[in-house]
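Analysis of the macromolecular model
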Amino acid sequence: MKNINNMVENSVKEYSQNYISDKDKTKLKKDIREAVFSIVFLLAGFIYGKIFPNQEVIQGSIYLIGVAIIGIPVFVTAVKGFLQKDINSSMEILVSIAILVSVLDGQYILAGLIPIILTLVHFLEEKSIMGGRDAIEGLKKLQADTAIILVDGTEKEIPKSDCTITTKEFNDETENGVIVTVEYQGCSFQFFSETEEVL
């Protein structure tokens with residue numbers, strides 16, 4: 001149990017910002033715990049069936065416990081989502097139908113694996129979203145804090161805060177854009193950045 005909590009914490013800690021709330025972290029831990037316990041019961045049922053091949057009722061019962069551990073929360077979410085007409089619960093609704101059909105067909109391992117895969121997908125999705133947000137934050141920090149100017153033929157680095165930057169829209173018949181003016185101690189330069197072609 002403690003190892004599962006540590007695994008979730010460590011997978012979230014590698015990102016520089018905390019993009020996941022404590023509530024979402026708790027739900028993620030709970031989902032992974034349920035998946036692990038479900039896998040344990042599915043494996044136990046499989047091993048029991050190999051050792052005692054004639055006792056299918058007990059084997060099926062062990063499988064059903066594993067399916068129930070992970071399947072009941074999915075069913076609860078699906079029913080709530082269906083009653084509230086919540087589009088975000090559509091995946092759980094489809095998974096619930098797949099679990100139900102698999103159990104009725106006697107495919108207990110499949111019935112357990114479907115929600116386990118869903119849990120794994122949710123976990124990887126959260127990690128990829130956090131990684132994307134972390135990358136965007138990193139790109140925001142790439143903007144230079146200093147500017148390099150030429151003073152008497154020599155390059156000099158100055159803080160960006162010492163410069164005044166102004167922008168002015170420019171529109172005529174051939175092009176639209178922005179004129180950017182950078183000023184430093186009485187000196188200035190301008191450049192044009194095109195924003196839209198005129199047809």
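Refer to the structure above for everything that follows.
To keep things clear, this report deals only with the structure shown in the data block. (Residues numbered from 1 in each chain as written. Predicted model: local features only at pLDDT ≥ 70, side-chain atom pairs only at ≥ 80, totals over all residues. Heavy atoms only, no water.)

As a further point, take the overall build of the protein chain. Counting its regular elements, the protein chain contains 5 helices and 5 strands. Listing the helices and strands of the protein chain from first to last along the sequence gives α-α-α-α-α-β-β-β-β-β. Sorting the 199 residues of the protein chain into buried and exposed places 26% on the buried side. The long-range share in the protein chain, meaning contacts at least 24 apart out of those at least 6 apart in sequence, stands at 41%. (Helix = DSSP H or I, 4+ residues; strand = E, 2+ residues; numbered from the N terminus. Buried < 20%, exposed > 50% of the residue type's maximum accessible area, 1.4 Å probe, protein only. Contact = heavy atoms within 4.5 Å.)

Looking now at the pattern of salt bridges. The final tally for this structure, using the stated rule, is 1 salt bridge. Glutamate 34 serves as the salt-bridge partner of lysine 30, at 3.1 Å between the closest nitrogen and oxygen. Note that lysine 30 and glutamate 34 are positioned in helix H2 (residues 22-51) at a spacing of 4 residues, about one turn of the helix. Note on lysine 30: relative accessible area 37%, which makes it partly exposed. (Salt bridge = Lys/Arg side-chain N within 4 Å of Asp/Glu carboxyl O.)

This part takes up the nonpolar core. If you look at the biggest cluster of nonpolar residues, it comprises 11 residues: Ala35, Leu42, Tyr63, Val67, Ile70, Val74, Val95, Ile99, Ala111, Ile116 and Leu118. The set of elements that each furnish at least two residues to this core consists of H2, helix H3 (56-83), helix H4 (90-104) and helix H5 (108-140). At 4 residues, the largest contribution of residues to this core is made by H3. Look past the residues within four positions of isoleucine 70 in its chain and what remains in contact with it is Glu34, Ala35, Ser38, Gly112, Pro115, Ile116 and Thr119. In this structure, Ile149, Cys163, Val180 and Val182 belong to the second largest nonpolar core, which totals 5 residues. (Core = buried A, V, L, I, M, F, W, Y, C linked by side-chain atoms within 4.5 Å.)

Turning next to H3. Each turn of an α-helix holds 3.6 residues, which means side chains three or four residues apart point in the same direction. Approximately 40° is the largest bend angle found in H3, and it occurs at glycine 71, with the proline proline 73 only one to four residues beyond. Buried residues of H3: Gln59, Gly60, Ile62, Tyr63, Gly66, Val67, Ile70, Gly71, Val74, Ala78 and Gly81, and no others. Remark: lysine 85 follows H3 within two positions and exhibits a positive phi of approximately 55°. (Bend = angle between axes of the 7 residues up to and from the residue.)

In the contact formed by H2 and H3, the axes pass within 8 Å of each other and the chain directions differ by 170°. Between H2 and H3, the interaxial angle falls into the category roughly antiparallel. Of the residues in H3, those in contact with Lys30, Glu34, Ala35, Phe37, Ser38, Phe41, Leu42, Ala44, Gly45, Phe46, Tyr48 and Gly49 of H2 are Ile58, Gln59, Ile62, Tyr63, Ile65, Gly66, Val67, Ile69, Ile70 and Pro73. Residue composition of the contact of H2 with H3, grouped by class: 15 nonpolar, 5 polar and 2 charged. (Axes fitted to C-alpha atoms, helices over the stretch in contact; angles between N-to-C directions. Parallel < 35°, antiparallel > 145°, perpendicular 65-115°, else oblique. Nonpolar A, V, L, I, M, F, W, Y, C, P; charged D, E, K, R; others polar.)

So, on to the packing of H3 against H4. Their axes nearest at 8 Å, the elements H3 and H4 cross at an angle of 140°. Relative to H4, H3 is oriented oblique. In the crossing of H3 with H4, the sense of the turn from one axis to the other is left-handed. Packed against H3, whose contacting residues are Leu64, Val67, Gly71, Val74, Phe75, Thr77, Ala78 and Phe82, the element H4 presents Glu92, Ile93, Val95, Ser96, Ile99, Leu100 and Val103 at the interface. Here the residues of the contact of H3 with H4 sort into 11 nonpolar, 3 polar and 1 charged. (Left-handed = near helix turned anticlockwise from the far one by under 90°.)

As a further point, take unusual backbone geometry. In the Ramachandran plot, lysine 85 falls in the positive-phi region, its phi being about 55° despite a non-glycine side chain. Classification of lysine 85 by relative accessible area gives exposed; the value is 76%.

Helix length check: H4 (15 residues) gives 21 Å between terminal C-alpha atoms against 21 Å at 1.5 Å per residue, within 8%. Following H4 by one or two positions, glycine 106 has its phi on the positive side, about 80°. (Expected span 1.5 Å × (residues − 1).)

With that settled, the discussion passes to the side chain of glutamine 59. In this fold, glutamine 59 is placed in helix H3. The class for glutamine 59 is buried, based on a relative accessible area of 16%. Here the side chain of glutamine 59 touches glycine 45 through a polar contact of 3.3 Å, landing on its backbone oxygen. Not counting residues up to four positions away in its chain, the partners in contact with glutamine 59 are Gly45, Phe46, Tyr48 and Gly49. (Polar contact = N/O pair within 3.5 Å; in protein donor to acceptor, adjacent residues only side chain to side chain.)

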